[in-house]
Structure formats: C-alpha cells, structure tokens
Amino acid sequence: MTVRVRYAPSPTGLLHVGGARTALFNWAWARRHGGVFVLRIEDTDKERSTEESERSILEAMRWLGMEWDEGPGVEGPYGPYRQSERNARYQELCARLLEEGKAYRCFCDAERLTSLREQQMANKENPRYDGHCRDLSPEEVARRMAAGEPYTVRFRVPEGETRFTDHVRGEVVFQNKEVDDWVMLRSDGSPTYNFVVVCDDADMKITHVLRGEEHLVNTPKQVLLYEALGLEVPEFGHLPLMLGADKKKLSKRTGHTSVQVYRDLGYPRDAVVNFLCLQGWALDGETEVFSVDQLVESFEVRDVSKGGAVFDPEKFLWLAGEYLRQEAPEVCAERCAPYVIEAGQMTAEELEERSGWFQEVVRGMQERVRLYSELPEKIAFLFEGDEEVSYDEKAEKNARKHEHRAEVLAAVRDTLLPTLEAGADAAALSEAGKALLAEREWKFPALGQPLRCALTGAAGGPDLFDVLVWLGPERARVRLERAIERLA
RNA sequence: GGCCCCUUCGUCUAGUCAGGCCUAGGACACCAGGUUUUCAUCCUGGCGACAGGGGUUCAAAUCCCCUAGGGGUCACCA
C-alpha cells in the first residue's frame, strides 16, 4: 500500500513554524516511503480564510522546499484540494448519516446553547450538549423544518469506548460518554472541521494522519465518524507541540511564529528546515547539522519525541550561522544583496557592476555573520565617507596605546599603498606589513590597532589586509591621512 | 474542573519498545584556557539531568503502580 499523507493548513494567516514542522515531517515521511504528499486547504471558516493567506502559505511551503504531489496547482485524482470546492460531497455524506440515524438535526439555537453552558459551569458541571434534540420524533423534525426553523446537524455518538494506536504515543482510549454530540453541519449548511477532515482524508485515501497534538482529543470524534461511514480508519501520529519560553503552545507572545518572518530576518532556508526538524526529532543523537537528504533517508514517525519542545532562538541563530558560513561566497552574496540594497548601501545596479568586489567582501565577512540581514551593519564602514569615518571609543583607545601610531600609519601609506596600487592581494599585503614590522622590531598590534581604527573606526572586524583591498588605494589613503592627523 | 497527553542537564535531545555495554552521550547557552592582527571562526576543558515514592529483578533512566508537576482540549474555529 502506498503511503499517502497530507498537510492541511487553514488559510487564516502566515505559515506557522509549528505547522511548517508538521508539514515537513509529513513530507519527509512520504519521501522516505516513496509515498504521496498531499496539500489540502482547509478553508471551511469563511470568516477568517483569505486568498492572500493561502498564497503566502503556498509560497512558504515552496520556499522550504516541500513540493506537494497533489494539491493546489497540482492536479491529482482526488481533487479539488480546497474544501470550499468540495461541498457537494459533504452534503451527500451528511445526508447518508441522517438517513441512517447516525446523525440528527438539532434545533437548539445559539442562545439556548450559551445559557446551557453557563448554567452547567455555574453548577460546576462539564459544559457539554445535553442531547435536547437527540430523540425528536420524525414528525416534529419534519414540522419544524417545514416551518423554516434553522437547525444544525449533530453526530450521534454511540455508547462504548474508542481506541486507536498512535504512532507517537501508543494506545489511546477515550470513553464515548466523554465525547459530545458534535456539530457536523452549521445552521447555514456549511460543514465543520471534524466532519470535512474525515470526508477528505477518506476520499483522498490518506493512510497516515500526522498532525499536532492539539488534535489528539478530536481523534475519537473522527474515528467514530469513519466507523459510522463504514470507512477504513487511517493511522494516526500526534506530534508534540512547539512551545514558547513559557512552555505553552508557541504564540506571538514569546517570539516570532511564522516561517516568513524568519525568512525575512535572513535565516538560511536550510537552517530553518534543519532547526524545525530538531524540534521533536533527532537524526542520531549526535549530528545536529544535517541535510534534507539525510532527513528523508532516516525519518521515522516512531522516533518523534512525545514531549513538547521549547523553541530556542539562541540555538536557531547558531544553526543559521553554521549554514551561512558553509555557503559559497557567490551564493551568500546573492542572499545578502537584498539587505544591502534595503540599507541603502548599494543599488541593484551597483551590486551587478561590482559583483566580484561584493562577493569578496562577503567571503571575508561570512565567519562574522549568522543571518544575511546582519551583513549591512557590519560592513557599514565601507560605505562611510572617507573623511568622516567615526572612531568608536574603544578603537581609538586601542590605537592611542601605541606611541608610534602616526609613524606606522605613514609607513603603511608609503609602503603598502604602492604595493596595493600595483595589484597586490591581501596575502601579499600581509607579508609586506609583517616585513615592515620586522624592520622596526614592533609587534603586530602596533600596526593592527592604529590601522584598524584608521580604516574602520571599530575595535573589531574583518582582516585588515582584506579591508585594504576592499577600500582600494585611493580611499585607504584618505583614511590614513586623516588618522595620522586625528590620532597624532 | 472533566477528559487526554507528557516528564533525561537552563534549552534541544541520545539512551526507554527488545533491563546489564550508562561512573547517562551529543548540541546550544554559560564559564575557563588555547590559536589568531582585532572581532568572529576554530580547538581543548569545565559546569550541568534520569520529577518524587513504592514495587518487580541478581541488575531499572529503561518494566509495573502511586504521587507531583507541566501541557493540550472542552465552539455552529481549525
């Protein structure tokens, strides 16, 4: 039997990182077993669903590299893949259950239900439907329908207990008396989640339902519905929740929750995928950094942890840096480019013209950056006017520690700049610099600290000889002259 | 509160299904050293956990029971 799994987001916002992880696990599981990954849009909530949100979710899914085999834009044998387009089928199945007495019409209005709930809570009872319309006579139902009274359709939960084997948690049992006669069809005739999810999963031949743990308590309702419909029950696997620092379900209160935000913040794509997988799953307990291929090779649902995972922004940042540093400079440069443009440091055209130069800068900066977005502020000194480089306090203090600072800077101007002009690279400049120091029997800091201050105005940063090359002889000369005066 | 789920370092986790190889391994963070022209990277070391209590067993992080704690969910949302 081919494995068929699905990810079924509701288009009511951006793609949540928890949802993305669920999708990733489903996707990996399908790929691992040569199965099919279905993407289905659960837009039964007309109030909150938007096309805009659907677009952004699809875009984020693609960005993460999850191609769906069936779903919006990809024809499949069980479409359409948007619930709003499948209404006829829901009505059909509902009519069947009604006919068989497995569901019934309920004429209780919102007002009655609300006061019922309030009363129950006041009595310290559990709020639940009281079965008021469960056994209405066919005549009464017909009469009230004819009178145009609005009604919902409720599922008639049978007696007994419902059990299923969860691939993450093992055997789970619910007493049916704890399960409410839930609403399948709203009074406007539209279907609810628990109803459509079963219809669609069955129609789409889904074999494994992997979803967040918040759905665990819905499962008995759904199992019961499969049984009432005479359908085969799929296998379930409830993934642990992703938690915020407060150990509660990850929400905006404790940090960013959408994939798009991390993308926009400049996290490498593969780092996002890798990190999400680390929440609740481990390759071997040793390897933290792994590829999508490795994920697909070894992902098993039974290896998923049971406990919730606190989302750790620090570790995420570390992992982002791991990925960014491994990138080829030209790739990294391309990904940093939008941020450089946004910061107003270079235009797209300039970036194009000086792509070699920019890549070289990126290469020199990669070890010092974790997110693409971090680059601009770290190379801002390159875009300052040469006459107005601002020295920060520590840089200037470091430079002033060396009494021969002016002399050393002058020596750099007189010996290194000509070398640079002649086309020397950073390695050659470094040699020349060291020779210059050896001559005078000075240690490196005597050169490094004044020079760094002169060139960058900062106490730390990239290799000085790289900086010399990036700046070029003209600009370096201006900065040196100015420093010789200012640091005198 | 009812029901359901969960519980190994601060955090992510390996080990639990098939009890001995675990004086519990790795990673992030933190601390201390080292390399380095600074910063960063990199390297070395340190700190640090089986929620508690009972069983079962020659032997329990691993199996059973209880307690405690945390979470999820209780809609004409999904």
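Just so it is clear, the model here is predicted, and its values are computed rather than measured.

1. Examining the pairing of strand S2 (residues 36-39)
Alternating residues of S2 divide into Val36 and Val38 and Phe37 and Leu39, and every residue in both groups is buried. With four bridges connecting them, strand S1 (residues 4-7) and S2 associate as parallel partners. Counted as the bridge partner of arginine 6 is valine 38 from S2. Crossover connection from S1 via helix H1 (residues 17-32) to parallel S2: handedness right-handed.

2. Re the domain arrangement of chain A
By convention, interface size is frequently given as the accessible area that disappears when the constituent parts associate. By domain assignment, chain A separates into domain 1 (1-72 + 240-326), domain 2 (86-239), domain 3 (327-378) and domain 4 (387-488). With centres defined by C-alpha atoms, the gap from domain 3 to domain 4 works out at 24 Å. Taken together, the seven residues of domain 3 in the interface contact five residues of domain 4. Contact between domain 3 and domain 4 buries roughly 500 Å² in total, counting both sides, with carbon and sulfur atoms accounting for 58%. The interface formed by domain 3 and domain 4 holds one salt bridge in total. Note that aspartate 466 is salt-bridged to arginine 363, the shortest N-O span being 3.2 Å.

3. Comments concerning the state of the cysteines
Any covalent bond linking the sulfur atoms of two cysteines counts as a disulfide. This structure, assessed with the given rule, holds zero disulfides. Considering cysteine sulfurs only, cysteine 108 is the nearest to cysteine 106, which forms no disulfide, with 3.7 Å between them. The exposure class assigned to cysteine 108 is buried, which follows from its relative accessible area of 10%.

4. Some points on helix H12 (residues 329-342)
Between the first and last C-alpha of H12 there are 20 Å, a value that for 14 residues agrees with the 20 Å anticipated at 1.5 Å per step. Looking at the buried residues of H12, the elements they touch are helix H8 (259-264), helix H11 (313-326), helix H13 (348-353), helix H14 (355-365) and helix H15 (375-378). Immediately beyond the C-terminal end of H12, within one or two residues, lies glycine 344, with a positive phi of roughly 75°.

5. Examining the pattern of salt bridges
Summed over all chains, the structure comprises 44 salt bridges. Arginine 4 is the salt-bridge partner of glutamate 70, the closest N and O atoms lying 2.9 Å from each other. Of the two residues, glutamate 70 is situated in the loop between helix H2 (51-63) and helix H3 (87-99) and arginine 4 in strand S1; the sequence distance between them amounts to 66 residues. With a relative accessible area of 6%, glutamate 70 lands in the buried category. A relative accessible area of 8% means that arginine 4 is categorised as buried. A network of salt bridges, in which partner residues are shared, links Arg6, Arg40, Glu42, Arg86, Arg89, Glu92, Asp200, Asp201 and Asp203.

Calculation notes
- Residues numbered from 1 in each chain as written.
- Chains lettered and ligands numbered in written order.
- Predicted model: local features only at pLDDT ≥ 70, side-chain atom pairs only at ≥ 80, totals over all residues.
- Heavy atoms only, no water.
- Buried < 20%, exposed > 50% of the residue type's maximum accessible area, 1.4 Å probe, protein only.
- Helix = DSSP H or I, 4+ residues; strand = E, 2+ residues; numbered from the N terminus.
- Pairing = 2+ DSSP bridges.
- Right-handed = clockwise from strand over helix to strand, strands pointing away.
- Domains from an automatic or database assignment.
- Contact = heavy atoms within 4.5 Å.
- Buried area = accessible area lost by both parts, 1.4 Å probe.
- Salt bridge = Lys/Arg side-chain N within 4 Å of Asp/Glu carboxyl O.
- Disulfide = S-S within 2.5 Å.
- Expected span 1.5 Å × (residues − 1).

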